[in-house]
Amino acid sequence: MPNITLTVNGTQHHLDVEPRWLLADVLREQLNLTGTHLGCEQGVCGACTILLNGRPARSCLTLAVTADGADIVTVEGLAKDGELHPVQEAFWQEHALQCGFCTPGFLMTSVHFLNENPNPTRPEIREALSGNLCRCTGYQHIVNAVERAAETMRKGANHAISQD
Amino acid sequence: MKPPAFEYVCPASIAEALEALAARDDAKVLAGGQSLIPMMNMRLARPGLLVDINRVPELAAIQDEGDTLQIGALVRHYQLETDARIKEAFPLIPAAERLIGHPAIRSRGTIGGSLSHADPAAELPVLAMLGDWEMTVASRDGGVRRIPAAEFFMSYLMTTLGPDELLTHVTVPKQRTGGSHIAEFAVRSGDFALAIAAAMVELADDGSVRSVRFALGGVSDVPWRDLDLESSLVGAMSSDALWREAGRQAAEAIDPADDIHASSSHRRQLAETLLTESLSRAAEQARERSSH
Ligand SMILES: Cc1cc2nc3c(=O)[nH]c(=O)nc-3n(C[C@H](O)[C@H](O)[C@H](O)COP(=O)(O)OP(=O)(O)OC[C@H]3O[C@@H](n4cnc5c(N)ncnc54)[C@H](O)[C@@H]3O)c2cc1C
Ligand code: FES
Ligand code: FES
């Protein structure tokens, strides 16, 4: 089995992986980071979205072997010292989740989007989230949450997820 | 919903990749994985060997060759969306990229993968036809071939690429003058489009058409273009009526299939409306450019 190195949420791991293992499964099953969810396994629902070298990516469409050497952030890497990330805080405040299945993907997508576009319009938020499906909350609250997070992040400290 | 087992190699150079592809006949190239991995997850594709080209730096280069831009097969959608050289050389590329999937798909998917996968509703193959791009492909035993877009796409998800061939780069002739536009209709933002229309227009000083090209996606098994219809418009005065008529004639010439996403007549209407819009906008942009 190929041996790969992944840096996940700042911690380096050396892992033996079968070539056919998806990055999502390695995160969930080898590293026990079960916050990354698998919905469709065909790139459509967005539940498995993580940050791969600073960019959002579908962990269901990435082989773990291909990600050898990558720097990865999962939903478990968002909160710092017991403090929720402003996007997580805003999802909570705005009731942007019910069952929570889709939430990790929405959070990772939103974190990257707000780093690139700190002052988005509502249509821009909708467009940015169009690759993430939620089957129970409805999108209104989710868009409200991202809007609120943008505001907090503009006002507050720099919450950018560093990739260095 | 996991890929079946396969063997895996990760070459560091084009030569190594070609060697691996030639070694067995059930090998497949893995680029961004955004089309191949879903098919493997659903077990619609079962390659025996994956040749992962993600670590071949030669394939990721963008090179300015004067009249053309050479884009490596591994250049990813998000780079096509944001690279200044690409925007300058062929502004329809970043315009089309914003219509392709979602940011997470664009982080990984590549130009080479899009063209090789040849989905009839994909944007980049439409631009390849429109802009007369040329694909350079290589194999260990067959050497290097340069294939014009018009001969590259064969049918639904089928190109002239042989199983041992690797698309190494795409040569894009630069658009120096005139205007261009791409329009499409998708049910939800980021979905594959039901129909796509892209156009490039150059106008003479008197407002007549100096040159015009247009191509459609989603309406046939390969991107659609009609050189005779294009040349019949040259010399005519640019006007909304002209572009409406061109849209009507194109809609008459195509014969889209019925499928679960849309009926033939729906696609035909979309093609007409989108093409008229693209031609008018491209002409408008050409006019604005020439008056500056
Ligand atoms: C949810 C979702 C939405 C999408 N929406 C759109 C959309 O709206 N428009 C659109 O155009 N696309 C869309 N895509 C597809 C996306 O653009 C893919 O990136 C693209 O089709 C394939 O590129 P890839 O690099 O991921 O190729 P891969 O998936 O790695 O490969 C695809 C095929 O091409 C072959 N191949 C790849 N590179 C080469 C090469 N250099 N030489 C020879 N063969 C090669 C592979 O063997 C395979 O057969 C979407 C994908 C998803 C998952
Ligand atoms: S599980 Fe990856 S996009 Fe749905
Ligand atoms: S909160 Fe249940 S799917 Fe989104």
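Keep in mind the model is a prediction, meaning the values are calculated, not measured.

Novice: When you look at the pattern of salt bridges in this model, what are you seeing that I'm missing?
Specialist: Between side chains of opposite charge, pairing is possible as soon as their charged atoms come close. All names here are of chain B. Here the structure, examined in full by the defined rule, presents 24 salt bridges over all chains. For the salt bridge of Arg213 with Asp132, the shortest nitrogen-to-oxygen distance reads 3.3 Å. On the criterion of sequence distance, the pair formed by Arg213 in strand β13 (residues 209-217) and Asp132 in the loop between α8 (123-130) and β6 (134-139) is long-range, its members being 81 residues apart. Judged by relative accessible area, Asp132 falls into the partly exposed class, the value being 41%. In this structure, Arg140 and Asp141 form a salt bridge, with 2.9 Å as the shortest nitrogen-oxygen distance. Linked through salt bridges whose partners overlap, the residues forming this network are Asp132, Arg213, Arg225 and Glu230.

Novice: What's the story with the sheet that holds strand β2 (residues 27-30) of chain B in this structure? I'm lost.
Specialist: Within a sheet, neighbouring strands are paired by backbone hydrogen bonds and run either parallel or antiparallel to one another. Residues and elements named next belong to chain B. Judged by pairing direction, the sheet is parallel, and its three strands sit side by side in the order β1-β3-β2 without closing on themselves. For this open sheet the edge positions go to β1 (7-9) and β2, each flanked by a neighbour on one side alone. Each neighbouring strand pair of the sheet contributes to a mean axis angle of 25 degrees, computed without reference to strand direction. Both β1 and strand β3 (residues 49-52) contribute to a ladder of three bridges, which runs parallel. Residue pairing in the sheet places Glu7 in a bridge with Leu49 of β3.

Novice: When you look at the environment of A:Arg148 in this model, what are you seeing that I'm missing?
Specialist: Residue and element names in this part refer to chain A. Considering the arrangement of structural elements, one finds Arg148 in helix α5 (residues 139-155). A relative accessible area of 35% means that Arg148 is categorised as partly exposed. Residues Arg148 and Phe91 lie 57 residues apart in sequence; the distance between their C-alpha atoms is 8.7 Å. If we ignore the near neighbours within four places in the chain, the residues touching Arg148 are Ala90, Gln93 and Glu94.

Novice: Looking at this structure, I do not really get the interface of chain B and chain A. What am I missing?
Specialist: Often the size quoted for an interface is simply the accessible area lost on bringing the parts together. If you look at the interface, chain B gives 29 residues, while chain A gives 26 residues. Summed over both partners, the interface of chain B with chain A comes to about 2300 Å²; 56% of that surface belongs to carbon and sulfur atoms. Applying the counting criterion to the chain B and chain A interface returns two salt bridges. One salt bridge connects A:Asp25 with B:Lys2, and the closest N-O pair in it is separated by 2.8 Å. Contributing elements (two or more residues each) for the side of chain B that touches chain A: α2 (36-41), β3 and α6 (103-108) of chain B. A per-element tally of the side of chain B that touches chain A places α6(B) first, with five residues.

Novice: I'm lost on the sheet that holds strand β2 (residues 11-16) of chain A in this one. Help?
Specialist: Residue and element names in this part refer to chain A. What the five strands build is an open sheet, ordered β2-β1-β5-β3-β4; its pairing is mixed. In this open sheet, the two strands that pair with only one neighbour each are β2 and β4 (55-58). Neighbour-to-neighbour, the strand axes of the sheet open up by a mean angle of 40 degrees, direction not taken into account. Direction of pairing for strand β1 (residues 3-8) relative to strand β5 (residues 71-73): parallel, over a ladder of two bridges. Bridging from a neighbouring strand, Val8 pairs with Ile72 of β5. Against the sheet, helix α3 (residues 103-116) touches β3 (49-52), β4 and β5, its axis set at about 40 degrees to β3.

Novice: What is the right way to look at the environment of B:Arg106 in this model?
Specialist: All names here are of chain B. Counting through the fold element by element, Arg106 comes out in helix α6. You can call Arg106 buried: its relative accessible area is 7%. As for Arg106 and Glu65, which are separated by 41 residues in sequence, their C-alpha atoms are 26 Å apart. Among residues more than four places away in sequence, those in contact with Arg106 are Arg76, His77, Tyr78, Glu81, Glu97, Arg98, Ile100 and Gly101. In this structure the side chain of Arg106 is engaged in a polar contact, spanning 3.0 Å, whose partner is the side chain of Glu81.

Novice: What exactly am I supposed to notice about the packing of helix α2 (residues 86-93) of chain A against α5(A) here?
Specialist: What describes two packed helices is the angle between their axes and the distance between those same axes. Residue and element names in this part refer to chain A. Axis separation between α2 and α5 bottoms out at 8 Å; the angle between their running directions is 135 degrees. One way to sum up the angle between α2 and α5 is to call them oblique. You can see that α2 and α5 cross each other, and the crossing is right-handed. Mapping the contact onto sequence places Pro86, Val87, Ala90, Phe91 and Gln93 in α2 and Ile142, Ala145, Val146, Arg148, Ala149, Thr152 and Met153 in α5. A class-by-class count of the residues in the contact of α2 with α5 yields nine nonpolar, two polar and one charged.

Novice: Would you explain unusual backbone geometry in this entry?
Specialist: One can expect most non-glycine residues to show negative phi and most peptide bonds to be in trans. Even without being glycine, A:His95 reaches a positive phi, approximately 55 degrees. Assignment of secondary structure puts A:His95 in the loop between α2 and α3. The phi dihedral of B:Leu157 is positive, around 55 degrees, even though this residue is not glycine. Structurally, B:Leu157 is set in the loop between β8 (153-155) and β9 (158-159).

Novice: Would you mind going over the pairing of strand β10 (residues 166-173) of chain B with me for this structure?
Specialist: All names here are of chain B. Counting buried positions along β10 yields seven of eight residues, so the element is predominantly enclosed. Pairing analysis gives five bridges linking strand β5 (residues 68-72) to β10, with the strands arranged antiparallel. Among the inter-strand pairings, Ile71 is bridged to a residue of β10, identified as Val170. Where β6 meets β10, five bridges bridge the pair, whose relative direction is antiparallel. Along β10, the bridge assignment pairs Thr136 with His169.

Novice: Even after reading the chapter, I still don't get the site of ligand 1, so can you show me in this structure?
Specialist: Close to ligand 1 lie 35 residues, the nearest being B:Val29, B:Gln34, B:Ser35, B:Leu36 and B:Thr110. More than a single chain frames ligand 1: its nearby residues are located in chains A and B. The backbone of B:Gly32 places a nitrogen or oxygen atom 2.9 Å from an oxygen atom of ligand 1. Separating a nitrogen atom of ligand 1 from a backbone N or O atom of B:Leu167 is a distance of 2.9 Å. Relative to its free-state accessible area of 960 Å², ligand 1 is covered by the protein chains to the extent of 94%. Residue assignment for the shell around ligand 1 shows that the elements contributing at least two residues are β2, α7 (111-117) and β10 of chain B. A per-element tally of the shell around ligand 1 places α7(B) first, with five residues.

Thresholds, definitions, all that
- Residues numbered from 1 in each chain as written.
- Chains lettered and ligands numbered in written order.
- Predicted model: local features only at pLDDT ≥ 70, side-chain atom pairs only at ≥ 80, totals over all residues.
- Heavy atoms only, no water.
- Salt bridge = Lys/Arg side-chain N within 4 Å of Asp/Glu carboxyl O.
- Helix = DSSP H or I, 4+ residues; strand = E, 2+ residues; numbered from the N terminus.
- Buried < 20%, exposed > 50% of the residue type's maximum accessible area, 1.4 Å probe, protein only.
- Pairing = 2+ DSSP bridges.
- Axes fitted to C-alpha atoms, helices over the stretch in contact; angles between N-to-C directions.
- Contact = heavy atoms within 4.5 Å.
- Buried area = accessible area lost by both parts, 1.4 Å probe.
- Polar contact = N/O pair within 3.5 Å; in protein donor to acceptor, adjacent residues only side chain to side chain.
- Parallel < 35°, antiparallel > 145°, perpendicular 65-115°, else oblique.
- Left-handed = near helix turned anticlockwise from the far one by under 90°.
- Nonpolar A, V, L, I, M, F, W, Y, C, P; charged D, E, K, R; others polar.
- Near = heavy atom within 4 Å.
- Areas by Shrake-Rupley, 256 points an atom, 1.4 Å probe, with all protein chains shown as cover.

The quantities given are spatial measurements derived from coordinates; they are silent on function.
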